[in-house]
Amino acid sequence: MQIKSLIFMSLFVCIASCSTQNVNALPIESAVGWLHGNCLAIQNDALKSNDLLNIVLLENEPAKVAARISGKAQDGTSCYALMEDRRDINQSAGYTFYTVKADTNINLAIGIVAAAKNKKLVAALNNNLAGFTYCSSSEGVHYSMWSKSPYTSEKLWSAYYYLGYESEADCPALQ
């Protein structure tokens, strides 16, 4: 009987630990996403209401604020990226869209899941807000996170947001 109990307990522990997402082991794409307004686009469908985010506001001087996940975004009324003229292309990139709640207005920003304790993410967030950038291409926004100086150091993460209309390109030419 003790062997059956031991096997059952081992199986239970394995199932419980295998089904729980280990945020410390998240690939960077699952820990970092981009925002337009109060809508986060991230390649992670497992975030829950009230999960904490670190938001790096990109307009003017970069600044860090806290926010929380409100829930999954359903359409363009709560998420600009899901407006009819841009939804298909943005969804095809593998993003899950969430509405977020913050004490400040958000326009363009990068969000980092607070529980993802990746050393490079923590270092970038604590020491190098200048390493968070965005620029415009002819139809969208390119978001990037760099280890040190933008465009000259290691690129840790990047993503693209399709706007659905022509915009003036201002991204620097990369070698």
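Not measured: the values here are computed from a predicted model. (Residues numbered from 1 in each chain as written. Predicted model: local features only at pLDDT ≥ 70, side-chain atom pairs only at ≥ 80, totals over all residues. Heavy atoms only, no water.)

Student: Whenever I open this one, the packing of aromatic side chains confuses me. Can you help?
Tutor: Geometrically, a pair of aromatic rings is defined through the distance of the ring centres and the angle of the planes. Evaluation of the coordinates by the stated rule reveals six aromatic pairs. Both rings, one in W34 and one in Y143, keep their centres 5.7 Å apart while their planes meet at 10 degrees; by these two values the pair is stacked. Of this pair, W34 sits in strand β1 (residues 32-36) while Y143 sits in strand β8 (residues 140-146), placing them 109 residues apart in sequence. Relative accessible area serves as the criterion here: at 0%, Y143 is assigned to the buried category. Pairwise contacts between aromatic rings join W34, Y95, F97, Y143 and Y161 into one cluster. (Phe/Tyr/Trp six-rings, centres within 6.5 Å; stacked < 30°, edge-to-face > 60°. Helix = DSSP H or I, 4+ residues; strand = E, 2+ residues; numbered from the N terminus. Buried < 20%, exposed > 50% of the residue type's maximum accessible area, 1.4 Å probe, protein only.)

Student: Where do I start with the sheet that holds strand β7 (residues 132-136) in this structure?
Tutor: Paired through their backbone hydrogen bonds, the strands of a sheet run either parallel or antiparallel. Across the sheet, which stays open at both edges, the three strands sit in the order β7-β8-β9 with antiparallel pairing between neighbours. Edge strands, defined here as strands with exactly one partner in the open sheet, are β7 and β9 (155-162). Averaged over all pairs of adjacent strands, the angle between their axes in this sheet comes to 15 degrees, without regard to strand direction. Sheet analysis places β7 next to β8, joined by five bridges and oriented antiparallel. Counterpart to Y134 in the pairing with β8 is Y143. (Pairing = 2+ DSSP bridges. Axes fitted to C-alpha atoms, helices over the stretch in contact; angles between N-to-C directions.)

Student: Just checking my understanding: could you explain unusual backbone geometry for this structure?
Tutor: Phi at N50 is positive, roughly 75 degrees, even though this residue is not glycine. Since its relative accessible area comes to 53%, N50 is described here as exposed. One non-glycine residue with positive phi stands out, namely N60, at about 60 degrees. Within the secondary structure layout, N60 lies in the loop between β3 (52-57) and β4 (63-72).

Student: Even after reading the chapter, I still don't get the pairing of β8, so can you show me in this structure?
Tutor: Each regular strand shows side chains that alternate between the opposite faces of the sheet. Of all seven residues in β8, six are buried; the element is thus mostly enclosed. Turn length for the β7-β8 hairpin, with the two strands adjacent in sequence and antiparallel, is three residues. The sheet contact formed by β8 and β9 spans seven bridges and is antiparallel. Looking at the pairing, S144 lines up with S158 of β9.

Student: Can you help me understand the sheet that holds β1 in this one?
Tutor: Spatial ordering of the closed barrel is given by β1-β2-β5-β4-β3-β6, a layout of six strands whose pairing is antiparallel. Shown here is a sheet whose adjacent strand axes are inclined to one another by a mean of 40 degrees, direction ignored.

These results come straight from atomic positions and should not be treated as a statement about function.
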